[in-house]
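# Summary of structural features
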Amino acid sequence: MSPGRADADLPDSPALYYRWFAAKLTVQLLLHTTPTQVTLMDMLGGLSGQEFLSQYWQKTPYLVRKAFPDGLPGISGDELAGLATEPEVESRLVTANDWTLRHGPFFEDDFAQLPEKDWTLLVQAVDHWVPEIAALFDAFSFIPAWRMDDIMVSYAVPGGGVGPHFDHYDVFLIQVEGEREWRIGQSCTEADDRRDDTDLSILAHFDEQERWVLKPGDMLYVPPGIAHWGEALSKDCITYSIGFRAPSQAETLVDFAQFLANTSSDFDRYQDADLDARDDSHRITPADVDRIQSMLQRLVQDRDAMARWFGSYMTQPKYGDAPLEEPSLSKADIARQLQRQPLIRNASVRLAYQPGTLFVDGEAIETNLPADGLRWLCEQKRISASDLGSQDNAARLTILTSLVGHDAFYFDDE
Ligand code: SIN
Ligand code: CO
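Residues numbered from 1 in each chain as written. Chains lettered and ligands numbered in written order. Predicted model: local features only at pLDDT ≥ 70, side-chain atom pairs only at ≥ 80, totals over all residues. Heavy atoms only, no water.

## Side note on the overall build of the chain
The helix and strand tally for the chain stands at 12 helices and 17 strands. Here the chain, with 414 residues, has 45% of them falling under the buried criterion. Intrachain contacts of the chain at a sequence separation of at least 6 include 78% that bridge at least 24 residues. Carbon and sulfur atoms provide 50% of the accessible area of the chain, an area that totals close to 21,300 Å². (Helix = DSSP H or I, 4+ residues; strand = E, 2+ residues; numbered from the N terminus. Buried < 20%, exposed > 50% of the residue type's maximum accessible area, 1.4 Å probe, protein only. Contact = heavy atoms within 4.5 Å. Areas by Shrake-Rupley, 256 points an atom, 1.4 Å probe, with all protein chains shown as cover.)

## Here's the deal with the environment of Leu-53
Within the secondary structure, Leu-53 sits in helix H3 (residues 49–55). If near-sequence neighbours (up to four positions away) are discounted, Leu-53 is found in contact with Lys-59, Phe-142 and Ile-143.

## Thoughts on the packing of aromatic side chains
Applying the stated rule across the entire model yields 20 aromatic pairs. When the centroid spacing of 5.2 Å and the interplanar angle of 85 degrees are considered together, the rings of Phe-52 and Tyr-221 count as edge-to-face. You can see Phe-52 sitting in helix H3 and its partner Tyr-221 sitting in strand E9 (residues 219–222), a full 169 residues away along the chain. As far as the burial class goes, Phe-52 and Tyr-221 line up, both buried. In this arrangement the basic side chain of Arg-396 is found over the ring face of Trp-376, its NZ or CZ atom lying 4.4 Å from the centre. (Phe/Tyr/Trp six-rings, centres within 6.5 Å; stacked < 30°, edge-to-face > 60°. Lys NZ or Arg CZ within 6 Å of the ring centre and 35° of its normal.)

## Section: the coordination of the cobalt ion (ligand 2)
The cobalt ion (ligand 2) binds to the protein through His-165 (NE2), Asp-167 (OD) and His-228 (NE2), with metal-donor distances spanning 2.0 to 2.1 Å. One chain supplies every donor for the cobalt ion (ligand 2), spaced along it as H-x1-D-x60-H. Residue His-165 is located in the loop between strand E5 (148–156) and strand E6 (171–177), and its partner His-228 is located in strand E10 (residues 226–232); the two are separated by 63 residues in the primary sequence. (Donors = N, O, S within 2.8 Å, 3.2 Å for Na, K, Ca; no water.)

## What about the site of ligand 1?
Lining the immediate surroundings of ligand 1 are Leu-122, Met-152, Ser-154, His-165, Asp-167, Leu-173, Arg-180, Trp-182, His-228 and Ser-241. Between ligand 1 and His-165, the relevant distance is 3.0 Å, taken from an oxygen atom to a side-chain nitrogen or oxygen of the residue. The contact in question runs from an oxygen atom of ligand 1 to an N or O atom on the side chain of His-228, over 3.3 Å. Among the cavities detected, the one that contains ligand 1 is the second largest pocket. When contributions to the shell around ligand 1 are tallied by element, the ones reaching two or more residues are E5 and strand E7 (180–187). (Near = heavy atom within 4 Å. Polar contact = N/O pair within 3.5 Å; in protein donor to acceptor, adjacent residues only side chain to side chain. 1 Å grid on protein atoms, 1.4 Å probe; cavity = no way out; pocket = protein on both sides within 12 Å on 5 of 7 lines; lining within 4 Å. Sits in = over half its atoms within 2 Å of the grid points.)

## Observations concerning the packing of helix H10 (residues 331–338) against helix H12 (residues 393–405)
Direction vectors running N to C along H10 and H12 enclose 100 degrees, while the axes themselves pass 9 Å from each other. By the angle class used here, H10 and H12 are roughly perpendicular. Along its contact with H10, which presents Lys-331, Ile-334, Ala-335 and Leu-338, the element H12 presents Ala-394, Leu-397, Thr-398, Leu-400, Thr-401 and Val-404. Taken together, the residues of the contact of H10 with H12 sort by class into seven nonpolar, two polar and one charged. (Axes fitted to C-alpha atoms, helices over the stretch in contact; angles between N-to-C directions. Parallel < 35°, antiparallel > 145°, perpendicular 65-115°, else oblique. Nonpolar A, V, L, I, M, F, W, Y, C, P; charged D, E, K, R; others polar.)

## Focus on the nonpolar core
By size, the foremost hydrophobic cluster in this structure holds 44 residues, and its most contacted members are Leu-121, Phe-172, Met-219 and Tyr-240. For this core, the secondary structure elements donating two or more residues are strand E1 (62–64), helix H4 (77–84), strand E4 (119–123), E5, E6, E9 and strand E11 (237–244). Filtering out sequence-adjacent residues up to four positions away, Tyr-240 remains in contact with Pro-73, Gly-74, Ile-75, Ile-133, Leu-136, Ile-151, Met-152, Val-153, Phe-172, Leu-173, Ile-174 and Val-176. Core analysis: the second largest hydrophobic core is formed by 23 residues, Leu-343, Ile-365, Phe-409 and Phe-411 among them. (Core = buried A, V, L, I, M, F, W, Y, C linked by side-chain atoms within 4.5 Å.)

## Quick notes on the pattern of salt bridges
Enumeration over the complete set of coordinates arrives at 19 salt bridges. A salt bridge links Asp-288 to Arg-291, with the nearest nitrogen and oxygen atoms 2.9 Å apart. Residue Asp-288 and its partner Arg-291 are both found in helix H8 (residues 286–300); the two are separated by three residues, about one turn of the helix. Each member of the pair, Asp-288 as well as Arg-291, carries the same accessibility label: buried. Between Glu-379 and Arg-375 there is a salt bridge whose closest N-O contact spans 2.8 Å. (Salt bridge = Lys/Arg side-chain N within 4 Å of Asp/Glu carboxyl O.)

## Concerning unusual backbone geometry
Cis geometry is found at the peptide bond from Gly-104 to Pro-105, where omega equals 5 degrees. Checked against the element boundaries, Pro-105 lands in the loop between strand E3 (100–103) and helix H5 (108–112). Not every positive phi belongs to a glycine, and Lys-66 is a case in point at roughly 50 degrees. Assignment of secondary structure puts Lys-66 in the loop between E1 and H4. The phi dihedral of Asp-118 is positive, around 65 degrees, even though this residue is not glycine. Mapped onto the elements of the fold, Asp-118 is located in the loop between H5 and E4.

## A word on the layout of surface pockets
Where empty space is left in the structure can be found by rolling a water-sized probe over the atoms. Looking at the second largest pocket, its volume works out to about 1,200 Å³. Classifying every residue of the lining of the second largest pocket gives 17 nonpolar, 15 polar and 12 charged. (Points joined across faces, edges and corners; volume = space filled by probe spheres on them.)

## A closer look at the packing of helix H7 (residues 249–263) against helix H9 (residues 303–314)
Running from N to C, H7 and H9 point in directions that differ by 115 degrees, and their axes come no closer than 10 Å. Handedness of the crossing formed by H7 with H9: right-handed. Where H7 approaches H9, its residues Glu-251, Thr-252, Asp-255, Phe-256, Phe-259 and Leu-260 are matched on the opposing element by Ala-305, Met-306, Arg-308, Trp-309 and Tyr-313. Considering only residue class, the contact of H7 with H9 consists of seven nonpolar, one polar and three charged. (Left-handed = near helix turned anticlockwise from the far one by under 90°.)

What follows is the structure, encoded as structure tokens:
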């Protein structure tokens with residue numbers, strides 16, 4: 001791979017960069033890729049989405065040969081290296097012979113000095129920057145969109161890989177270019193030691209169960225906690241990892257507690273109007289514990305608060321996206337501009353809904369748009385004036401205006 005960078009003058013916000021990079025790459029990608037046209041059953045090796053979920057999801061690894069027989073949206077090693085020079089992009093360089101780990105951003109010289117073997121470059125959330133790669137999520141739309149995290153792209157030379165490890169989340173590993181050998185190992189627990197001579201989280205013991213060589217278009221699903229080890233066999237070995245979000249109990253507890261605390265009043269306190277006089281004043285009795293437990297249980301049992309928090313939590317951006325500070329367009333501006341050009345969906349913004357609420361990058365927007373209208377909004381890649389049906393027209397335009405304000409949709413020449 002020759003050293004490269006995406007461009008000298010990058011927009012400074014990922015959302016703006018996304019538009020810029022999208023426009024820049026579209027021409028190239030159309031030239032060197034075939035669109036991903038694959039039925040769900042073909043992609044899942046003859047299984048329906050439900051069959052895959054029941055038999056393999058979060059349970060056992062699953063290999064599909066030629067899951068994408070017609071090619072995949074591509075990104076070259078140079079383009080990936082270009083992304084890895086950007087401070088907003090999370091990237092890592094791993095050397096396999098001595099398991100060294102370096103974090104980006106990198107300089108062109110870093111790439112120029114690399115040997116011909118035993119290293120890999122990994123770039124997180126490439127879907128935020130390349131819409132054609134983001135479109136790959138659509139192939140997995142039988143899984144909730146808010147469970148998806150990002151598409152990481154790795155570029156490796158022979159011998160390159162991140163070593164034997166496990167992840168805490170599900171991952172679909174899709175071979176895009178070159179060949180990679182994947183080994184599947186044991187199901188890991190806290191008891192599986194990691195090596196202490198490297199910053200990488202590498203397993204001290206790997207108990208190989210299976211081994212496959214993946215060729216372009218092949219896909220391997222690996223559930224959380226299952227040891228796996230990928231090693232590039234060829235030059236220009238490119239693998240996409242579709243990773244999912246699985247927050248830990250600890251993370252959800254802290255975030256939910258903070259969410260509740262934000263709206264809790266100072267008057268909401270521990271109460272013991274039923275207190276009995278006692279002769280052992282230092283003892284905490286079961287009745288004392290019952291009071292605090294029922295106070296906290298009442299909070300956790302607030303189903304509306306839980307649902308609202310969950311939608312916001314699962315749509316929070318993770319990859320350094322700062323909200324755009326652009327002049328917001330009014331409803332009238334948007335209606336006028338829609339007559340001239342469509343709105344384009346910014347795939348780096350996370351959307352989810354519950355009836356009555358649309359979640360946009362962690363924010364909840366109350367709406368009276370019916371659920372099918374919300375679903376429609378979440379699914380659209382482009383919206384033209386003619387798409388705004390007469391029935392919900394006003395409500396759709398109102399929420400579309402909020403979405404444009406959150407940069408979830410944009411006009412191409414804004
Ligand atoms: C890689 O693409 O090299 C690593 C992906 C993974 O093991 O999750
Ligand atoms: Co992994």
